[in-house]
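Examining the three-dimensional arrangement
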Amino acid sequence: MELIKNNVALNRVIAGRKQIMVEYNAKSKLPDIQLDRKKIEQLLNNLISNAIKFSFPKSRVLIDAKCENEDLVISVSDTGQGIPPAEMDRLFKPFQR
């Protein structure tokens with residue numbers, strides 16, 4: 001999917017400063033879908049840039065995309081330190097960091 005590839009390419013520039021490898025793997029042929037392009041770009045950029053921001057130098061960020069039944073599933077994974085258990089209850093509350 002071109003939208004994901006473009007976002008990955010833009011974030012590789014930032015990742016390069018920390019020597020982080022950003023990899024994109026499409027697990028299968030992805031269908032053309034209707035979506036709000038700006039919102040999905042914003043979402044992907046937030047997920048990928050946060051993965052880079054909180055990853056250790058010289059590590060890796062992996063973006064996977066696959067079709068699962070009739071859904072498009074995109075995941076971003078990293079090897080960062082994660083969220084401390086004491087902060088997990090704040091995770092989806094507005095205005096929290």
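Below you will find a few notes about this structure.

About the criteria used
- Residues numbered from 1 in each chain as written.
- Predicted model: local features only at pLDDT ≥ 70, side-chain atom pairs only at ≥ 80, totals over all residues.
- Heavy atoms only, no water.
- Helix = DSSP H or I, 4+ residues; strand = E, 2+ residues; numbered from the N terminus.
- Polar contact = N/O pair within 3.5 Å; in protein donor to acceptor, adjacent residues only side chain to side chain.
- Contact = heavy atoms within 4.5 Å.
- Core = buried A, V, L, I, M, F, W, Y, C linked by side-chain atoms within 4.5 Å.
- Buried < 20%, exposed > 50% of the residue type's maximum accessible area, 1.4 Å probe, protein only.

Before going further, it helps to examine the side chain of Ser 59. Tracing the backbone through its elements, the reader meets Ser 59 in the loop between α2 (37–53) and β2 (60–68). Here Phe 56 takes part through its backbone oxygen, which lies 2.5 Å from a polar atom of the side chain of Ser 59. Excluding its chain neighbours within four sequence positions, the residues that come into contact with Ser 59 are Gln 19, Ile 20, Met 21 and Thr 79.

Counting 15 residues, the largest nonpolar core has Ile 4, Val 8, Val 22, Tyr 24, Ile 52, Val 61 and Ile 63 as the members making the most contacts within it. Contributions of two or more residues to this core are made by α1 (2–17), β1 (21–26), α2 and β2. Setting aside chain neighbours within four positions, we find Tyr 24 in contact with Met 1, Ile 4, Lys 5, Val 8, Arg 12, Leu 30, Ile 63 and Ala 65.

Even without being glycine, Lys 58 reaches a positive phi, approximately 65°. Of note, Lys 58 is situated in the loop between α2 and β2. The class of Lys 58 is exposed, set by a relative accessible area of 65%. At Asn 69, a residue that is not glycine, the phi angle is positive and equals roughly 60°.

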